[in-house]
Amino acid sequence: MATTFSDVHPSIIQTHILPRLDGLSLFSTAAASSYLQHLCTDENLWSHICKSTWPSIADPRLHDIISTFSAGHRSFFQDSFPALVTDVNHQNHLHDLNCSSHRSPSQLISAVDIRYQNDIIYSIAEFTETTDEFLSSPLRIKLNHDLESKHAPGILRSINLNVDEFAGADEATVSHLEESLSLNWIIIDPTQKRAGNISSIKPIGVRQGWMTNQTYLVYAIVLPGCDPNKMVQCRIQVVLAVAAGGVGLHVKEVMLELMDLDFCRLKGRDFLVSIQGALSEENNVRRKMVDAEESRRRYQVFKRISINSHSDMPSKIQSNVQELQSNIGTLCRCLFTKIVSFVET
């Protein structure tokens, strides 16, 4: 008698087979039949996959928050695994973003994981209160590096590379890091019950700071701002420092800022509005799988758009100056007429 897959006891499938799959493979398996779809919706299974992919969400404070998502950890994976991508070719039917269309959260949560090749070297969850000061100040989220604290459990490991203790990484090492160091920065909005990855995954630029003996990696994605015709960039900088003796590199600093495409820093309120719109996939933002080269290409496309938008700036300035001069002339004539009239009376 032929044996079908459904003849295998479900506990064997769930315990010994499905946990060996990654998230994308699990989605494909679920699409094979209604029987497998049922088995693939197990919350414990998806919790295991999410925590294996992003160890930062193992922080016990995140369990209750993710469990409120529509399908728990499965929804979290669907939100966070693909990158948030803005489609530059379809900028029609855009609308201004406004916080009033979403409930404003009292805090935003950052789940940050850095991998060197396949090994996690840095992992932490950061809780940022959206206070009045946060909303009115230029955005800067600097992560807590006290990873030994019971209030900030995390992972901090060195990269096992030999570098010059005083000169830092050489050109070959910098190029190697560009290909080998990936970063996920997942923003979680507990009010919307949504999450999104705001990192380019691979760096869009790497440089060696010869004066500081440190290596700087930049990760960035571009999203619509409060005005959808003005794009903003979520820009993450990772600083690697050299260990004593030149044996190993370690993460010294991880920082997120929001800037316009001219690198002017924007406020926390702008970040909240832009992020909430992106998590809801408004204004042609989509969750999409893109490779490192595609991420860099998209970023450069938006940079070129920014440069082109400034190409006619001198003529715009001249036009504005002429209009201002005309208005000043009209005002002066009005004032002169008033003064003459007053003197005559």
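Residues numbered from 1 in each chain as written. Predicted model: local features only at pLDDT ≥ 70, side-chain atom pairs only at ≥ 80, totals over all residues. Heavy atoms only, no water.

A.B. asks: Before we move on, could you go through the overall build of the protein and cite the residues and values that matter?
C.D. replies: Helices and strands together make up the secondary structure of the protein, namely eleven helices and 13 strands. Residues classed as buried in the protein amount to 45% of the 345 residues present. In the protein, the proportion of contacts linking residues at least 24 apart, taken out of those at least 6 apart, comes to 65%. When the accessible surface of the protein is split by element, carbon and sulfur atoms take 53% of a total near 18300 Å². (Helix = DSSP H or I, 4+ residues; strand = E, 2+ residues; numbered from the N terminus. Buried < 20%, exposed > 50% of the residue type's maximum accessible area, 1.4 Å probe, protein only. Contact = heavy atoms within 4.5 Å. Areas by Shrake-Rupley, 256 points an atom, 1.4 Å probe, with all protein chains shown as cover.)

A.B. asks: Quick rundown of the layout of surface pockets? Include the residues and the values.
C.D. replies: Counted as a void, the second largest pocket has a volume near 380 Å³. Taken together, 18 residues form the lining of the second largest pocket, with Phe81, Ser182, Asn184, Ile201 and Met289 sitting closest to its centre. Class assignment for the residues of the lining of the second largest pocket results in eight nonpolar, six polar and four charged. (1 Å grid on protein atoms, 1.4 Å probe; cavity = no way out; pocket = protein on both sides within 12 Å on 5 of 7 lines; lining within 4 Å. Points joined across faces, edges and corners; volume = space filled by probe spheres on them. Nonpolar A, V, L, I, M, F, W, Y, C, P; charged D, E, K, R; others polar.)

A.B. asks: Go over the packing of aromatic side chains, please, and point to the residues and values.
C.D. replies: Under the defined criterion, the tally for this structure stands at eight aromatic pairs. Ring centres 5.6 Å apart and planes at 50° place the aromatic pair Trp54 and Phe77 in the tilted group. Of this pair, Trp54 sits in the loop between α4 (43-53) and α5 (60-66) while Phe77 is found in helix α6 (residues 72-80), placing the two residues 23 residues apart along the sequence. On the basis of relative accessible area, Phe77 is assigned to the buried category, the value being 2%. Through successive ring pairs, a cluster of aromatic residues spans Phe27, Trp46, Trp54, Phe69, Phe76, Phe77 and Phe81. Taking NZ or CZ as reference, Arg207 lies 4.3 Å from the ring centre of Tyr216, over its face. (Phe/Tyr/Trp six-rings, centres within 6.5 Å; stacked < 30°, edge-to-face > 60°. Lys NZ or Arg CZ within 6 Å of the ring centre and 35° of its normal.)

A.B. asks: Explain the pairing of strand β11 (residues 231-242) to me, using residue names and the numbers behind them.
C.D. replies: Taking burial as the measure, the twelve residues of β11 include ten buried ones, the bulk of the element. Of the strand pairs in this sheet, strand β10 (residues 214-224) and β11 are connected by eleven bridges, and their pairing is antiparallel. When the bridges of β11 are listed, Leu223 appears paired with Val232. In sequence, β10 turns back onto β11 through a hairpin of six residues. Pairing of β11 with strand β12 (residues 247-260) involves eleven bridges; the strand directions are antiparallel. (Pairing = 2+ DSSP bridges.)

A.B. asks: How would you summarise the packing of α4 against α6 if you had to cite specific residues and measurements?
C.D. replies: At a minimum axis distance of 7 Å, the contact between α4 and α6 shows a crossing angle of 40°. By the angle between their axes, α4 is oblique relative to α6. The handedness of the crossing between α4 and α6 comes out as left-handed. Of the residues in α6, those touching α4 at Glu43, Trp46, Ser47, Ile49, Cys50, Lys51 and Thr53 are Gly72, His73, Arg74, Phe76 and Phe77. Here the residues of the contact of α4 with α6 sort into five nonpolar, four polar and three charged. (Axes fitted to C-alpha atoms, helices over the stretch in contact; angles between N-to-C directions. Parallel < 35°, antiparallel > 145°, perpendicular 65-115°, else oblique. Left-handed = near helix turned anticlockwise from the far one by under 90°.)

A.B. asks: I'd like to hear about helix α9 (residues 268-279), residue by residue, with values.
C.D. replies: A rise of 1.5 Å per residue sets the reference length of α9, with its twelve residues, at 16 Å; its end C-alpha atoms lie 16 Å apart and thus fit the reference within 8%. In terms of residue burial, α9 counts as a mostly covered element, since ten of its twelve residues are buried. Listed as buried for α9 are Gly268, Phe271, Leu272, Val273, Ser274, Ile275, Gln276, Gly277, Ala278 and Leu279. Just beyond α9, the residue with positive phi is Glu281, at close to 60°. (Expected span 1.5 Å × (residues − 1).)

A.B. asks: Any details on empty space enclosed by the protein? Residues and values, ideally.
C.D. replies: Summed over the entire model, instances satisfying the criterion amount to one cavity of 30 Å³ or more. The computed volume of the largest cavity comes to approximately 150 Å³. Lining the largest cavity are 14 residues; nearest its centre among them are Leu84, Ile221, Val222, Ser295 and Arg298. Elements supplying a minimum of two residues to the lining of the largest cavity: β1 (83-86), β10 and α10 (292-309). Its residues placed into classes, the lining of the largest cavity shows nine nonpolar, four polar and one charged.

A.B. asks: Help me get a handle on the pattern of salt bridges, residues and values and all.
C.D. replies: Taken as a whole, this structure holds eleven salt bridges when the rule is applied. A salt bridge links Arg61 to Asp59; its shortest N-O distance comes to 2.8 Å. For Glu293, the salt bridge goes to Arg296, with nearest N and O atoms at 3.7 Å. Placement of the pair is Glu293 and Arg296 together in helix α10, with a separation of three residues, close to one helical turn. Overall, the relative accessible area of 53% leaves Glu293 in the exposed class. Among the residues examined, Arg296 registers a relative accessible area of 13% and is labelled buried. Each of Asp79, Arg194, Glu281 and Arg287 takes part in one network of salt bridges that share partners. (Salt bridge = Lys/Arg side-chain N within 4 Å of Asp/Glu carboxyl O.)

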